[in-house]
Amino acid sequence: MEFFLIAISFLGSVGFTLALRRLDKSGWKNAQLKRLGETREQQLEELAEKNVQSIRDAVLDYEMLIRQGRQNRESLESFLKEYEERMEAIRDDRDFIEKIHEELGGVAGSAN
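Analysis parameters
Residues numbered from 1 in each chain as written. Predicted model: local features only at pLDDT ≥ 70, side-chain atom pairs only at ≥ 80, totals over all residues. Heavy atoms only, no water. Salt bridge = Lys/Arg side-chain N within 4 Å of Asp/Glu carboxyl O. Helix = DSSP H or I, 4+ residues; strand = E, 2+ residues; numbered from the N terminus. Buried < 20%, exposed > 50% of the residue type's maximum accessible area, 1.4 Å probe, protein only.

Peer 1: Would you explain the pattern of salt bridges in this entry?
Peer 2: In a structure, side chains of opposite charge can pair up when their charged atoms sit close to one another. Scanning the model with the defined rule gives five salt bridges in all. Among the salt bridges present, the one from Arg-73 reaches Glu-77, with a minimum N-O distance of 3.6 Å. Taken together, the residues Arg-73 and Glu-77, both in helix H1 (residues 2–111) and four residues apart, mark about one turn of the helix. Exposure remark for Arg-73: the relative accessible area of 45% places this residue in the partly exposed category. Assessed through its relative accessible area of 45%, Glu-77 is described here as partly exposed. Measuring nitrogen to oxygen at the nearest pair gives 4.0 Å for the salt bridge that ties Asp-95 to Arg-94. A relative accessible area of 47% means that Arg-94 is categorised as partly exposed. Taken together, the shared-partner salt bridges in this structure form one network comprising Arg-94, Asp-95 and Glu-98.

Structural data, given as C-alpha cells:
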C-alpha cells in the first residue's frame, strides 16, 4: 500500500509538472516574442537613425552646393559687368577712331 501511495504521489507530481509546463509554454512563447519584438524595435531604431543621419548629411551637402552656386553666380555677374564695361569702352574707342578717320580723310581731301 505504501508503494502504491508513493507511486500515485510521484505520478501526480509528474502530471502536475507537465501541466505547469503546458501552461507555461504560452508564457515562454510570449517571452520569446517579446525578445524578438525588442530586437526588431532596436533594429528599426538603428535603421531610422542611420537614415536620419544620411538625410542630415544630404541636407548639408545641398546647402554647400547652394552656397557654391551663389558664389559662382556672383562671380559670373561680376565678370559679366566687367565684360560689359570693357565692351562699352571698346565701342567708345571705335567711335573715337572713326571720328579721327573721318577728320583725317577730310584733311587729306582738302590738301589735294
